[in-house]
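What follows is the residue order along each chain.
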Amino acid sequence: MLMRDFYQRTTEVVARELLGKLLVRTHVEGDVVVRLTEVEAYLGVGDPACHTFGGRRTTRTETMWGEAGHVYVYLVYGLHSCLNVVTVGAGQPEAVLIRSGVVEEGLDLVRARRGSRVGERSLTDGPGKLCRALAISRADDGTDLCALEAPIRICDDGVEVPEGRVRHLPRVGIDYAGEAADWPLRFRVEPD
DNA sequence: TCTAGGATCGGCT
DNA sequence: GCCGATCCTAGAT
């Protein structure tokens, strides 16, 4: 399991290194494990696309201002939850958005939550879909990923993602952010 | 209080 | 590939 110091580095480094790691969700309905394939870095007060741009601090973004290694969950478009991992350190409100992954365990449970009509490929290939598949909501905001019994954890099983398979791309859905919309802060593992 | 807009999804063409 | 749904959040009054 990844410890606090993993998250206490620059957001871009944490984002890149999260690729290939295992996101483990424990829940009364059963456990689900997802291998991360796509993430985005959000660089805090200097990043026009980030919720904390310009030093904005509200009840919604409060966890981003806290200690690294906690989970920041927010609602977009009034209906979809998005999962983020807080990076760097207290007072530096940066985070990595978890966009996509591949289900490694708990496939039946994911299918039950996502609906039987959903194709295998599109079960967890978006931030809102991933949260639905893992039953993550705003109620999970502030969860400490580094706590031993945490219901959400991130683990390293030794699988390395070679640099040649990582693509650096612009972030999605932030056209309002001016030139920051072009910053290559999205990291994706290309399929074989 | 009121209003505008959004780190998306899924259905339809 | 395009478009509408849907309602929370933040900032303005």
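Residues numbered from 1 in each chain as written. Chains lettered and ligands numbered in written order. Predicted model: local features only at pLDDT ≥ 70, side-chain atom pairs only at ≥ 80, totals over all residues. Heavy atoms only, no water.

A.B. asks: Which residues make up the packing of aromatic side chains, and what values go with them?
C.D. replies: According to the stated counting rule, one finds two aromatic pairs in the structure shown. Aromatic side chains F6 and Y7 sit 5.2 Å apart centroid to centroid with 80° between the ring planes, which places their arrangement in the edge-to-face category. Seen from the ring of F6, R9 lies directly overhead, with NZ or CZ sitting 4.6 Å from the centre. The residue whose ring lies beneath R171 is Y42, and the NZ or CZ to ring-centre distance is 4.7 Å. (Phe/Tyr/Trp six-rings, centres within 6.5 Å; stacked < 30°, edge-to-face > 60°. Lys NZ or Arg CZ within 6 Å of the ring centre and 35° of its normal.)

A.B. asks: Residue-level account of helix α4 (residues 127-134), with values.
C.D. replies: Residues of α4 that are buried: P127, L130, C131, A133 and L134. The arc enclosing the buried residues of α4, seen along the axis, measures out at 160°, which places them on a common side. The elements touched by buried residues of α4 are β1 (22-25), β2 (32-42), β4 (80-89), β5 (92-105) and α3 (107-114). Downstream of α4 by a residue or two, A135 has a phi angle that is positive, lying close to 55°. (Buried < 20%, exposed > 50% of the residue type's maximum accessible area, 1.4 Å probe, protein only. Helix = DSSP H or I, 4+ residues; strand = E, 2+ residues; numbered from the N terminus. Arc of directions from axis to C-beta. Contact = heavy atoms within 4.5 Å.)

A.B. asks: Can you explain the protein's contact with DNA strand B? Please cite residues and give values.
C.D. replies: Around DNA strand B, the surrounding shell holds 20 residues, and the nearest of these are H51, Y77, N84, G128 and Y176. Those atoms of DNA strand B that come within 4 Å of the protein belong to sugar or phosphate at a rate of 55%. Separating a phosphate oxygen of DNA strand B from a backbone N or O atom of P127 is a distance of 3.3 Å. In this structure, G128 approaches DNA strand B through a main-chain N or O atom, which is 2.8 Å from a phosphate oxygen. Going through the elements one at a time, β3 (71-76), β4, β5 and α4 are the ones with two or more residues in the surface near DNA strand B. Looking at the surface near DNA strand B element by element, the count peaks at three residues for α4. (Near = heavy atom within 4 Å. Polar contact = N/O pair within 3.5 Å; in protein donor to acceptor, adjacent residues only side chain to side chain.)

A.B. asks: Describe the pairing of β1, with residues and values.
C.D. replies: Of the two faces of β1, both are covered, the one formed by L22 and V24 as well as the one formed by L23 and R25. Sheet topology places β1 next to β2; four bridges connect them, and they run antiparallel. What sits directly across from R25, in β2, is V32. Here β1 hands over to β2 after six residues, with G30 in that stretch at a positive phi of 135°. One ladder, built from four bridges, connects β1 with strand β6 (residues 152-155); its direction is antiparallel. Paired with R25 across the bridge in β6 is I152. (Pairing = 2+ DSSP bridges.)

A.B. asks: Residues and numbers for the pattern of salt bridges, please.
C.D. replies: Under the criterion given, the structure shown has 17 salt bridges. E163 serves as the salt-bridge partner of R16, at 3.0 Å between the closest nitrogen and oxygen. Separated by 147 residues along the polypeptide, R16 in helix α2 (residues 11-18) and E163 in the loop between β6 and β7 (166-169) bring together distant segments of the chain. The buried category is assigned to R16, whose relative accessible area is 18%. (Salt bridge = Lys/Arg side-chain N within 4 Å of Asp/Glu carboxyl O.)

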